[in-house]
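Residues per chain are reported as follows:
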Amino acid sequence: MGTESDQESDAPDAARPDGQPKQQRSFWKELPLLIVIALVLALLIKTFLLQAFSIPSGSMENTLKIGDRVLVDKLTPWFGSKPERGEVVVFHDPDGWLADEPTPKPSAVQTALSAVGLMPSADEKDLIKRVIGVAGDTVECKGTGPLKVNGKALDEPYVFPGNTPCSTDSAGQFKITVPSGRIWVMGDHRQYSADSRYHQDKPGGGAVPVKDVVGRAIAVAWPLDRVNNLPVPSTFGQSGINAVGTAAPGAVGLMGAVPLVLWRRRKRSPSRAHRSVSLAVPSEKN
């Protein structure tokens, strides 16, 4: 006589009321449902998490080359994260920067795949550049460089070989303070990038609204021989780069902690009357 568990194991996996075993649906009948689920998940990922973008020009060489596919983090902006210096970001065309650029006609396959984020959309007017300055920063170029942020010269190993950090044409010579709610962006291929420098006549003065930022490019995903992450260069962590009046998160925390510590010390210490009495007692030493 078998145990209860043995009897359960001998029973049909799924029996109909008439005692006949229930037949499983064929794979081909399940396939449409699986495709729908996959497409819905891809759409959610594209909308809230990651999206693939194609690099159409050489303005970010050699960091990014034409034809590279980059993955863009779209999640962190939902939690209030704002672009930081040194990040490579994708942003919507802010003030008609691409007005004169032709829009390529996508194929039917690309149209279908771009709808779920598996391929970049051909008709989206998006750009990709490196964040050089954030709100309150003073960004300056004189001569061929170096590029300065808040008076600090940047060491920029990512600049395209043979390029100078600053261009010597009229637009490439500037000194600006980034307005509130905006970022200043430049391409790594400095002499081949129509970036913030060349749109200073636009309503935003060349600075890109933070609200137009799609997200941060975090990695090159294709082709396979180009797979790599896109970290923030160490030059943007150097001391003294923060603008006057713009505190780093650690400094803000320290500023908030100091009054709290002083208040607690005051609360634990004797009353003012007692302190004044003790201060009035003459010293025993002459």
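These numbers come from a predicted model, not from an experiment.

Caption draft 1: Region of interest: the overall build of the protein chain. What the protein chain contains, in helices and strands, is 5 helices and 12 strands. Taking contacts inside the protein chain between residues at least 6 apart in sequence as the whole, the part at least 24 apart equals 71%.

Caption draft 2: Molecular detail of the environment of Pro157. Along the chain, Pro157 falls in the loop between strand S7 (152-153) and strand S8 (174-177). Sequence-wise, Pro157 and Asp188 are 31 residues apart; in three dimensions their C-alpha atoms are separated by 9.4 Å.

Caption draft 3: Local environment of the pattern of salt bridges. Throughout the structure, instances matching the rule amount to 8 salt bridges. The salt bridge partner of Glu87 is Arg216, with a shortest N-O separation of 3.9 Å. Highlighted residues: Glu87 in the loop between strand S2 (69-73) and strand S3 (88-92) and Arg216 in strand S11 (residues 213-222), separated in sequence by 129 residues. Accessibility expressed as a relative area gives 24% for Arg216, which makes it partly exposed. Measuring nitrogen to oxygen at the nearest pair gives 3.4 Å for the salt bridge that ties Lys211 to Asp212. Relative accessible area serves as the criterion here: at 70%, Lys211 is assigned to the exposed category.

Caption draft 4: Molecular detail of the state of the cysteines. By the definition in use, this model includes 1 disulfide. Between the sulfur of Cys141 and that of Cys166 lies a disulfide, 2.0 Å long from S to S. Judged by the sign of its S-S torsion, about -80°, the bond between Cys141 and Cys166 is left-handed. Residue Cys141 is located in strand S5 (residues 138-141), and its partner Cys166 is located in the loop between S7 and S8; the two are separated by 25 residues in the primary sequence. The burial state of Cys141 is the same as that of Cys166; both residues are buried.

Caption draft 5: Region of interest: the confidence of the model for the protein chain. Chain-level statistics for the protein chain give a pLDDT mean of 76 and a share of 62% at 70 or above. Low pLDDT (under 50) marks residues 1-13, which in the prediction has 2 contacts with non-local residues, meaning those over four places away or in another chain.

Caption draft 6: Local environment of the nonpolar core. If you look at the biggest cluster of nonpolar residues, it comprises 17 residues, and the most contacted ones within it are Ile132, Val139, Leu147, Phe174 and Trp184. Listing elements by their share of this core, those giving two or more residues are S5, S8 and strand S9 (182-186). Grouped together as the second largest cluster of nonpolar side chains are 13 residues, Met60, Val70, Val88 and Ile128 included.

Caption draft 7: Molecular detail of the side chain of Thr235. Inspection of the secondary structure assignment puts Thr235 in the loop between strand S12 (228-229) and helix H4 (249-268). A relative accessible area of 8% places Thr235 in the buried class. In contact with Thr235, other than residues within four places in its own chain, are Leu154, Asp155, Tyr158 and Ile241.

Caption draft 8: Structural context of a nonpolar patch on the surface. The grouping of Leu49, Leu50, Leu75, Phe79 and Ile218 at the surface amounts to a nonpolar patch, some 430 Å² of accessible area in total. Mapped onto the fold, Phe79 is located in the loop between S2 and S3.

Caption draft 9: Structural view of the sheet that holds S8. The strand order across the open sheet built from 4 strands is S7-S6-S5-S8, with neighbouring strands paired in antiparallel fashion. With one partner strand each, in any of the chains shown, S7 and S8 form the two edges of the open sheet. Sheet analysis places strand S6 (residues 148-149) next to S7, joined by 2 bridges and oriented antiparallel. Bridge pairing links Lys148 to Ala153 in S7.

Caption draft 10: Structural context of the pairing of S8. Side chains Phe174 and Ile176 of S8 all project onto a buried face; the interleaved residues Lys175 and Thr177 project onto a face where none is buried. Sheet topology note: the S5/S8 ladder contains 4 bridges and is antiparallel. The residue bridging Thr138 from the neighbouring strand is Thr177, located in S8.

Here is what the cut-offs are and how they apply
- Residues numbered from 1 in each chain as written.
- Predicted model: local features only at pLDDT ≥ 70, side-chain atom pairs only at ≥ 80, totals over all residues.
- Heavy atoms only, no water.
- Helix = DSSP H or I, 4+ residues; strand = E, 2+ residues; numbered from the N terminus.
- Contact = heavy atoms within 4.5 Å.
- Salt bridge = Lys/Arg side-chain N within 4 Å of Asp/Glu carboxyl O.
- Buried < 20%, exposed > 50% of the residue type's maximum accessible area, 1.4 Å probe, protein only.
- Disulfide = S-S within 2.5 Å.
- pLDDT = per-residue confidence, 0-100.
- Core = buried A, V, L, I, M, F, W, Y, C linked by side-chain atoms within 4.5 Å.
- Patch = residues over 30% accessible without salt bridge, like charges linked within 9 Å, V, L, I, M, F, W, Y side chains within 5 Å.
- Areas by Shrake-Rupley, 256 points an atom, 1.4 Å probe, with all protein chains shown as cover.
- Pairing = 2+ DSSP bridges.

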